[in-house]
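Chain by chain, the residues:
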Amino acid sequence: MLLFTTPNLASLGSINVPAYFPVPRLINFVAEWAALIPLVCHLASPYHPHQLAGQVTLLGRVSIALFPEHGILAGISQLLSHSTEFLDIASTLGPSSKRVWDVKWGGTFPCANGAASSYLAEALLQRNNAVIKVPEPVLGLRLSRSSADTAIPRFRRYQTLHVLHFSKSPHNTSWPSKLDKLLSSTLFTAAIFVLKSGLAVMFILLGIYGTAVILLCSLITQLVTRAAKVDRPSAFLGNNENHDAYMLVATHQNSSIWYLYVGDRGIVDSLLNKTMVVIPQQLAAARWLRAAHIIQLLAMTFVASQKGWDGIALLILLIISTVMQFRFRREMLTRMFCEENGVAVKQNSFEFSGRTPMLGAIQRVSRCCEWKWMDEILSPCPRREVWARALSREDMEMDSLDEEMDGLSDGDQGWVWNNKVLAIRGAILMQRAVQGLATQSL
């Protein structure tokens, strides 16, 4: 039995200092194993700035876990000391690095709130991954007047377009929002303060020094972040235009996955182009968070070397903290954001056989007269100009395109005709989605 358990004094850890209260024996393997897990596994992701930016912009406040991953406190310190620079950089990391093409205005720019918009899109796609396929021409379609019947090539670089429709809605409150309000209330914060203070004292009396330091550090840090000032801009979600938004979003112009943000321009513009939070410089809080980052590192390494009940207590603290953070999952964050700000989001997805018919379908449903917004994606050329003019017409007869396509090769004439048909079919299918009649919503 002595091979598997530690003596009574050694159960206190490697420093072997007797505690005020005696503690039971431990299995050696459990003591060693439990002490290593937090130090090895509880580290911030390389995409932590992206995740922090998404959480802060959606919640409108800074919130940290009971036992934050190592590296998160340093990131929050940077946010409070250099908020503008931090958010600008975070918008170019991970899945938040996207470009926006404004269909109505013809501009293109990097996505200003890539993390928040990514969270919204991912939450919707988790609930509904169904894709509506745009029908392709049947075999035997004549691609030009002088060419023989040509079958559709087997290879296609299919393009997926997720249409997200945003609109204003009454403010609702579901259980995630109610739970968040309870856990962030002043009364609950005061109760947690007393509870954690008592636990820290009890840990010290039991010789669990490393976990007690982490708990006390977390106690102060949560009060500091709760007092951190995060404001919404005065024009947040406001619309200064008299038309709906049509903004296409992708990682780059040669992507296969695209997002079309349509609907209320105030909401879409705030998500993709404007500042969602204003965080003044708070140097005192930033300094404490940097110090807390170092204290946490020292305490975690102390527990890893101390082992004993200190390691067990820290592992239990990690598990409790992880469970409490479930309320900040992407779906919960986006639901709380939409309910707090009166935002309704609906989504449908479409699959096109190519990028050109997808762009044509977007142009057609937007009813925009300008085509320059797609210049980066589909370079201007004679056949594109003919296709644009053909797509602007309502008829689909080949005879009506003869004069337009004079001077084009047979292959280019077939390209114009084929992509016109596919674009119109896609626009018909997309019509309900861009009008906010999609089947899936948050």
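Quick note: structure is the one above.
Just so we're clear, the structure is a prediction, and the values are computed from it rather than from any experiment.

A. Expanded view of the nonpolar core. Core analysis: the biggest nonpolar cluster contains 38 residues, and Leu161, Val163, Leu248, Leu260, Ile362 and Met430 have the highest contact counts within it. When residues of this core are assigned to their parent elements, the largest contribution, 8 residues, is made by helix α15 (residues 410-434). Look past the residues within four positions of Val163 in its chain and what remains in contact with it is Leu260, Val262, Lys346, Gln347, Asn348, Phe350, Met430, Ala433 and Val434. Within the second largest apolar cluster, 32 residues are counted, among which are Val100, Ala121, Leu164 and Phe166.

B. Focus on the pattern of salt bridges. Enumeration according to the criterion identifies 4 salt bridges in this entry. A salt bridge links Lys274 to Asp269, with the shortest nitrogen-to-oxygen separation between them at 3.6 Å. Note that Glu331 and Arg335 form a salt bridge whose closest N and O atoms lie 3.7 Å from each other. Placement of both Glu331 and Arg335 in helix α12 (residues 330-341) is noted, with a separation of 4 residues, approximately one turn of the helix.

C. Looking closely at the environment of Val213. Among the secondary structure elements, Val213 is positioned in helix α8 (residues 209-227). Its relative accessible area of 39% is what places Val213 among the partly exposed residues. Spatially, the C-alpha atom of Val213 lies 9.7 Å from that of Leu298, the residues being 85 residues apart in sequence.

D. Seen up close, the environment of Ile295. Among the structural elements, Ile295 can be located in helix α10 (residues 283-306). The exposure class assigned to Ile295 is partly exposed, which follows from its relative accessible area of 31%. A C-alpha to C-alpha distance of 7.8 Å links Ile295 and Ile214, two positions 81 residues apart in sequence.

E. Main features of helix α11 (residues 308-324). Helix length check: α11, at 17 residues, gives a terminal C-alpha distance of 25 Å against a target of 24 Å (1.5 Å per residue), a fit within 8%. Burial in α11 covers these residues: Gly308, Asp310, Gly311, Ile312, Ala313, Leu314, Leu315, Leu317, Leu318 and Ser321. Residues of α11 that are buried make contact with α1 (28-41), α7 (186-205), α8 and α10.

F. Inspection of a nonpolar patch on the surface at higher detail. On the surface, Ile27, Phe29 and Trp33 cluster together into a nonpolar patch covering about 360 Å² of accessible area. A relative accessible area of 43% places Ile27 in the partly exposed class.

G. Representation of the pairing of strand β7 (residues 343-352) in the model. The element β7 is extensively covered by neighbouring structure, given that 8 of its 10 residues are classed as buried. When strand β4 (residues 159-168) meets β7, the two strands line up antiparallel, connected through 10 bridges. Across the sheet, the residue bridging to Phe166 is Val345, located in β7.

H. Region of the structure containing the pairing of strand β5 (residues 245-250). Across the 6 residues that make up β5, a large majority, 6, are buried. Alternating positions in β5 separate into two faces, Ala245, Met247 and Val249 on one and Tyr246, Leu248 and Ala250 on the other, with burial throughout. The pairing of strand β1 (residues 99-102) with β5 spans 4 bridges and is classified as antiparallel. Residue pairing in the sheet places Asp102 in a bridge with Met247 of β5. Bridge analysis of β5 against strand β6 (residues 257-263) gives 5 bridges, and the strand direction is antiparallel. Counterpart to Ala245 in the pairing with β6 is Gly263. Counting the residues that bridge the hairpin from β5 to β6 gives 6 residues.

Rules used throughout
- Residues numbered from 1 in each chain as written.
- Predicted model: local features only at pLDDT ≥ 70, side-chain atom pairs only at ≥ 80, totals over all residues.
- Heavy atoms only, no water.
- Core = buried A, V, L, I, M, F, W, Y, C linked by side-chain atoms within 4.5 Å.
- Buried < 20%, exposed > 50% of the residue type's maximum accessible area, 1.4 Å probe, protein only.
- Helix = DSSP H or I, 4+ residues; strand = E, 2+ residues; numbered from the N terminus.
- Contact = heavy atoms within 4.5 Å.
- Salt bridge = Lys/Arg side-chain N within 4 Å of Asp/Glu carboxyl O.
- Expected span 1.5 Å × (residues − 1).
- Patch = residues over 30% accessible without salt bridge, like charges linked within 9 Å, V, L, I, M, F, W, Y side chains within 5 Å.
- Areas by Shrake-Rupley, 256 points an atom, 1.4 Å probe, with all protein chains shown as cover.
- Pairing = 2+ DSSP bridges.

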